[in-house]
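Secondary and tertiary structure notes
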Amino acid sequence: MTSRLPPQPGEWINREQPLDFQFEGVSYQGFTGDVLSSALWANGVRVLGRSFKYHRPRGIYSLANHDANALVSVGSRTNLRADCLPLEANLQASAVNTLGSVSRDHLAIMDRFSRFLPVGFYYKAFHTPRRLFPFYENQMRKVAGLGRIDPQYREAATAKQYDFCDLLIVGAGPAGLSAAVDAGERGLRVILVDENPHPGGSFTWQWRRHAEALERCEQLLNRVHALDNIDLRVGTLAAGCYSDRWVALFDQQRMTKLRAAAVLVASGCFEQPAVFQNNDAPGIMLGSAAQRLVHRYAVQPFSQGVILGANRDAYRLASDLTTHGIDVTAICDLRPEGESSPAGTRVQELGIPIYRGYTIYQAETRRRGTQLTGVIACPLDRQGDTQPQAGLSLPCDGVAVSVGWAPDAGLLYQAGARFQYQSAVEQFVPHTLPPGLFAAGRVNGIFSWADQCIDGQRAARAAAIHLGHPDITEIPTLTHQGTPPSHPYPIFPHPEKHNFVDFDEDIHLADFKNAHQEGYDNIELVKRFTTVGMGPSQGKLSNMNAIRILARQNNATIDATGTTTSRPFQHPVPIGHLAGRRFHPLRRTPLDAWHRQAGAQMAHAGAWLRPEYYGAADERAQSILAEAEHVRQRVGLIDVSTLGKLQVTGPDAAEFLERIYTGRFQKQSTQRLRYGLACDETGTVLEDGVIARLAHDHFYVTATSGGSGSFYRELLRWRQLFQLDVQISNLTGQLAALNLAGPDSRDVLKELTCIDISGEAFPYLGVRVGTVAGVPATLMRVGFVGELGYEIHVPASSAVHVWEQLCETGRPFGLKPFGVETQRLLRLEKGHLIVGHDTDALTYPAEADLQWAIAQNKPFFVGSRSLEILQKRPLMRKLVGFRLKDTEDKPFPEECHLILDGETIVGRVTSIARDSTLKHPIGMAFVEPRLASPGSPLAIRTAPGTTVTGEVCSLPFYDPDNLRQQ
Amino acid sequence: MKILTCPLNGPRPIQEFHYGGEFRPPLDPAQLNDADWGQEVHHRHGEPGVKREWWYHTASGTWFIAERDNLQDRVIQTYLYTPERGND
Amino acid sequence: MPHRLLKYGFSDHHPEPRMFRDVKHLKPEYDAVIIGGGGHGLAAAYYLGKDHGVSNVAVLEQGYLGGGGTGRNTAIVRSNYLTPEGARFYQASVELFQDLSRELDYNLFYSERGHFTLAHSPASLRTQRWRAEVNQHLGIDSQVVDPKFIQSQIPQIDLTCGGHQPPIHGALFHPPGAIARHDAVAWAYARGADRYGAEIHQQTAVTDIEVRDGAVIGVHTDRGYIKTRKVLSAVAGWTTHITKMVGLRTPLVIYPLQAMVTEPLKPWLNHIVVSASLHVYVSQSSRGELVAGASLDPYELISSRSTLDFAESMSGHLLDLFPCLPQVNVLRQWAGMCDMTPDFSPIMGLTPIEGFYLDSGWGTWGFKATPISGKTMAFTLANNRDHDLIEAFNLSRFERCQLVGEKGAASVGH
């Protein structure tokens, strides 16, 4: 059986290109240009999907890209809306959320139980006894949900695109096209988007038989195509409108992020359902859906239909369908006065019976609800209440509903527009629009195509004026003429309760009554309790009726009842398009390739990749210890290029550093280093590093790898606040830094530099500028690892050269590279803390035994006043070193294991090493001060019920007299 | 994405900026007792209204002040800090 | 099918009464006024009645019940906090939650899913271990697990993050971690509070608070003045607005927190998955939607507007973890407002103003504390003394410079 009509003017299908496809395993044929819904309907398939809760059969309802009951899976893709899924050759689709098949869904039994499952039923049961809830929840989870995801599905990332324009116009219908031409002819750069594959909007389905409208449409399209500055993008959804007119556009391939100087929304309206018994049966659809089927896809919506109407559109629809050989058996007009316009007269002339003041009371079906056989119409009394006893039976296989419209206003709401209910049109219309935002056409309450064209021009001119174009003749605002296009209350109760308000979520009229009875009497509460509007179509077909119902229940106006907040997105959009290609910054030092070649185990440290150690992954502990031993005994080389490297210059440089750091720098000699400790305003340890004075007004400062970026930023702020004459440059990326350490380091280095590096000429904590391996370098005598050592800072571009020269020269000394983990072990042996590792977000200097770094009697540094306060109160914890006593047969402590005193937490391990060059395990821990003196035993909890005993010892563990680094 | 105007670089997308919190004029530590200082350091003016805030244009390293309505997300003006303009 | 549903099928009329009385007029005086008809305020009203017999209570809500943080969060409940003060407090909340559906006779869909906090670096694994150690010591079910275990529990997860991010080194696993139907928590507490006598007034905005000689004496509302000696502010994103009325300064600043939800899918994700370094937390609701949230917005704002930046980065990070999701559709994004504290712990209890009590600073972690904050604040109001569990959270900790550092466990932890 086929419902395909003879070729229609302007149809979207290409009859030259037939396509074979399958739905639920059955083969069908359609055409290129069809969507799955139209192709199936053409093949006589009436059940396209099953509803969410009761698994009722559903067909085409809106055919406006939001039929949320006809969701299908195609291969790994799921939850695809069949009414906007383009037909492709050999497409294999099946309905989501069915047990069995869409035509015989075993879960349809849920419908029989629907009387036991009223709104919010799940809040009232299943929770006692508590142990049964997981079982019930599991069952509910299985029946809820729509499509099934394919865990193996992968997709190549799509690049996002950026764009900008003077005026974005959303919707290429009469208003949008007219606006585009008006703005385009004025020279504005216009982007005109429409989510459909063809432009024209209502021209392409509602006004197809109207010669004047068709001519206008063609003229407008010709102008749009002729003007180079109008960029028409069909198949493009404006999905969200954000701050400062930042708009997300989606097409099949990608997301485009568009900055528009002005946005004109001509998105139109969603036609709205009437609520009557079985109003969801396949074959019952919106009038606009029937016309879309006919004119876009040349498909007969039904052969014998009843129209439920409440506006002029219903009468135009009747004539339209009749012209296409469809038998319109009756119009039931909710309005007692009927339609007096020429459109009404024409229908009378066609001999179609018109029942004025009638509604459809219920639809009759057979074959378990899959086939519509007729409707029972009944008169409405003066209050608009149904009189079912006077009902009459009208046989039909289809119903077209034309009772009203709701604005497609999502973008306007998101952009900050405010709406007001206007009884002249019985719909919400924009009341105030933020600057740069404009609305035209049906969304603005203008319903005749000719007026929509004028309204489009009006809005385009207002936009041009907003954009500063001179000499523009404004067009006065239009208002709707004639009877309202929407009925104020197309909603009718029925004792059997299958009169659906929300098709996505299977919510019927009584659910609203019941929710209200329970006290859910605010539109947001109604939404949250009944879930109205929360389904895949986000209430496009239900929110307006829900508001009408609630307003009546509350005896309030529509305005006072209000709307729920509109949120992005306009239609559901894929995560993949939103994500696009992902960019994640990763920093590699200039020596990265060398490290890899040398077999380094690389690890992420903040944004950086750094060598942990060199050697096999399964020889971690041995490798680290061997590297450490080598540094202690001979010489090692580590890449410390990740260190923050800041240059501070200017007459006030020393003064500035004294305000930032806890120490003193005014009297620091040139060519000398000092330790620098910085706190934040609350006295918390923020940063540490060394501060080298290269000249009276020139300091070179190192900072931690992880914190230097934000530290630099803070320095710039303090500089501005202090108003000191100082310049700060972040040289972190420009310079590489290498640390040559070990007893033989001097002998290695002296081969490569002309600087006198003898102990007398270049002592510990000295700094020199010169060359190393022919490259300009800054040399610093530091002792982080506790050995004689030189930190060598060179331009990043020369790092490999210098590193290789050092390796080469060091070969006779057995020089070996070492990694960060080795450095951590060495510094632990030396008792040096690492900020952020041994300190936390609330550590202040006294706790970390850094009191020595705070200059006394300094008038001010950042955090000084807070430290004064903190230092007055008893210390709560102290960072100490410890060694382990009994480790045999017990789990070894790890960093962050707790230290207990009975049941009380008295501390925490911050650093630990099982193997050290000291031949015994060592660690650092925060402990309560009473446990901080050397010799105190520490009970370290290493497993439930198990403690290992440590003993506090004085720091450093290694070379307490600092002889090695001199 | 919002647009913010850097006093040196003009209007730029907000992704290029870092928010630096409420602008607080420098205090004289000597003038405050311990509790007052504790409050000054931690407490903020978080209530709705037009606030003076620190913003940082990351690409150019520019700190500046923005007067912004934290209810409407509307920026009234932006300018570079000077003691005269900042501390009044 | 539970027998409780039978009454619906076999009665002519919907057999459910109003969940709380529709009280038309404000009384001239109440023993206590609670500002904010979200979970916290309603829970406080409930426990005031239940535990302390204080029934002359008004809950004033400027919008609708549960319309603030309660209805905008991602409904995660857990207690694996870092500080002993925090962990103890949230554990008490979890224990109340576990029995709450029964106690309030309202199915809150309290669903224990198991909560993974992923670690993408040795450093974050250290923090997780710290939390696990504190948790275990306090009897909270919480442990560090290795990548193999994560993969066995969540087969769809990509431990390498597609090479886009540092790989997953391990996780903090908290089996009692749960999700719940957040709105229902507010509704059930509302019904419970009503039964103990509290009046619930929606669409009632507080316009000012009357303080005389350092003590609260009454509250001005857009429906008139009411006398009271005790006012509890439980308004999340509007705390700074309320504290200004009494001239109280706090460290609170308001940041939006955004979230999004996908179309419903058949069950595939059984756990709650959190990654602090990817700024993502995600779970699958009992309706089948993926509910995902991120970290706070980058700047202060007292508004619940959405940004595209959020949806983009959230989506990218979801794909880093779950590469099978690119064709899954996002239905809706939204935002809530969070009153943030410097130490990521709440601000609760007495204030320098006699009779003015704060239940605030709930940042991004307020929902999980709903029952215990209600219970402890009710105690505090009734006895005019901070409940033991919340002593550490008093506002005075800031002037004393004695913070409760929960940042490592609360940020993006949810």
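Note that the structure is predicted; figures quoted are calculated from it, not measured.

1. Structural notes on the packing of helix α8 (residues 312–323) of chain A against helix α9 (residues 342–350) of chain A
When two helices pack together, their arrangement is captured by the angle between the axes and the distance separating the axes. Residue and element names in this part refer to chain A. Interhelical geometry of α8 versus α9 gives an angle of 40° and a closest axis separation of 8 Å. As judged from the angle between their axes, α8 and α9 are oblique. Two packed elements cross with a definite hand, and for α8 against α9 that hand is left-handed. Listed contacts from α9 to R312, Y315, R316, A318, S319 and T322 of α8 are A343, G344, R346, V347 and L350. When its residues are assigned to classes, the contact of α8 with α9 shows five nonpolar, three polar and three charged.

2. Examining the interface of chain C and chain A
Between chain C and chain A, the contact holds 74 residues from the first and 75 residues from the second. Among the secondary structure elements, those contributing two or more residues to the side of chain C that touches chain A are α1 (6–10), α4 (100–104), α5 (122–137), α7 (182–195), α9 (308–321) and β18 (329–340) of chain C. Tallying contributions element by element places α9(C) first for the side of chain C that touches chain A, with eight residues. In the side of chain C that touches chain A, the residues fall into 34 nonpolar, 24 polar and 16 charged.

3. So, the pairing of strand β39 (residues 735–741) of chain A
Residues and elements named next belong to chain A. The buried fraction of β39 amounts to seven of the seven residues, a majority that puts the element mostly inside the structure. With burial as the criterion, each face of β39 is covered, one bearing L735, A737, N739 and A741 and the other bearing A736, L738 and L740. Relative to β39, strand β33 (residues 636–639) runs antiparallel, the two being bridged by four bridges. Bridge pairing links D639 to L738 in β39.

4. Considering helix α2 (residues 39–52) of chain C
Residue and element names in this part refer to chain C. With 14 residues, α2 extends 19 Å between its outermost C-alpha atoms, agreeing within 8% with the 20 Å of an ideal straight helix rising 1.5 Å per residue. The complete set of buried residues in α2 reads G39, H40, G41, L42, A43, A44, A45, Y46, Y47, L48 and G49. Where α2 is buried, its residues touch β1 (32–35), β2 (57–60), α7, β13 (231–233), β20 (356–360) and α10 (370–383). G53 lies just past α2 and shows a positive phi near 65°.

5. Quick look at the interface of chain C and chain B
Listed as interface residues are 22 residues of chain C and, on the opposing side, 15 residues of chain B. Top contributing element to the side of chain C that touches chain B by residue count: helix α8 (residues 239–245) of chain C, with three residues. Among the residues forming the side of chain C that touches chain B, the class breakdown is twelve nonpolar, four polar and six charged.

6. Some remarks on the environment of A259(C)
Residues and elements named next belong to chain C. For A259, the position within the fold is in strand β14 (residues 253–262). Considered as a pair, A259 and M314 are 55 residues apart in the sequence and their alpha carbons are 8.6 Å apart. Those residues in contact with A259 that sit more than four places away from it in its chain are T74, V291, A292, G293, Q333 and W334.

7. Notes on the sheet that holds strand β42 (residues 789–795) of chain A
Residues and elements named next belong to chain A. Ordered by their spatial adjacency, six strands build an open sheet running β40-β41-β42-β39-β33-β43, and the pairing between neighbours is mixed. Whereas interior strands pair on both sides, the edge strands pair on one side only; in this sheet they are β40 (767–772) and β43 (816–817). By the bridge criterion, six bridges tie β40 to strand β41 (residues 775–780) in an arrangement that is antiparallel. Bridge pairing links V767 to M780 in β41. Set on the sheet, helix α22 (residues 799–810) makes contact with β33, β39, β40, β41 and β42; between it and β39 the angle comes to about 15°.

8. Notes on the sheet that holds strand β19 (residues 358–366) of chain A
Two orientations exist for strands paired in a sheet by backbone hydrogen bonds: parallel and antiparallel. All names here are of chain A. The three strands lie next to each other as β19-β20-β21, forming an open sheet whose pairing is antiparallel. The open sheet is flanked by β19 and β21 (392–395), the only strands paired with a single partner. Neighbour-to-neighbour, the strand axes of this sheet turn through a mean angle of 30°, independent of strand direction. Across eight bridges, the pairing between β19 and strand β20 (residues 371–379) is antiparallel. Pairing of Y358 across the sheet is with P379, part of β20.

9. Considerations on helix α23 (residues 820–829) of chain A
Residues and elements named next belong to chain A. Across the ten residues of α23, nine count as buried, placing the element largely inside the fold. Buried within α23 we find V820, E821, T822, Q823, L825, L826, R827, L828 and E829. Buried positions along α23 lie against β31 (600–605), β32 (608–614), α18 (620–633), β33, β46 (904–913) and β47 (922–927). Positive backbone phi, at 75°, marks G831, one or two positions downstream of α23.

10. Overview of the domain arrangement of chain C
Residues and elements named next belong to chain C. When the domains of chain C are assigned, the result is domain 1 (30–73 + 183–252 + 343–410) and domain 2 (96–179 + 255–338). With centres defined by C-alpha atoms, the gap from domain 1 to domain 2 works out at 28 Å. Broken down by secondary-structure element, the contributors of at least two residues to the side of domain 1 that touches domain 2 are α7, α10 and α11 (407–410). When residues in the side of domain 1 that touches domain 2 are grouped by element, the largest group, seven residues, is from α7.

What counts as what
- Residues numbered from 1 in each chain as written.
- Chains lettered and ligands numbered in written order.
- Predicted model: local features only at pLDDT ≥ 70, side-chain atom pairs only at ≥ 80, totals over all residues.
- Axes fitted to C-alpha atoms, helices over the stretch in contact; angles between N-to-C directions.
- Helix = DSSP H or I, 4+ residues; strand = E, 2+ residues; numbered from the N terminus.
- Parallel < 35°, antiparallel > 145°, perpendicular 65-115°, else oblique.
- Left-handed = near helix turned anticlockwise from the far one by under 90°.
- Contact = placed C-beta atoms within 7 Å.
- Nonpolar A, V, L, I, M, F, W, Y, C, P; charged D, E, K, R; others polar.
- Buried ≥ 20, exposed ≤ 12 C-beta atoms within 10 Å, placed from the backbone.
- Pairing = 2+ DSSP bridges.
- Expected span 1.5 Å × (residues − 1).
- Domains from an automatic or database assignment.

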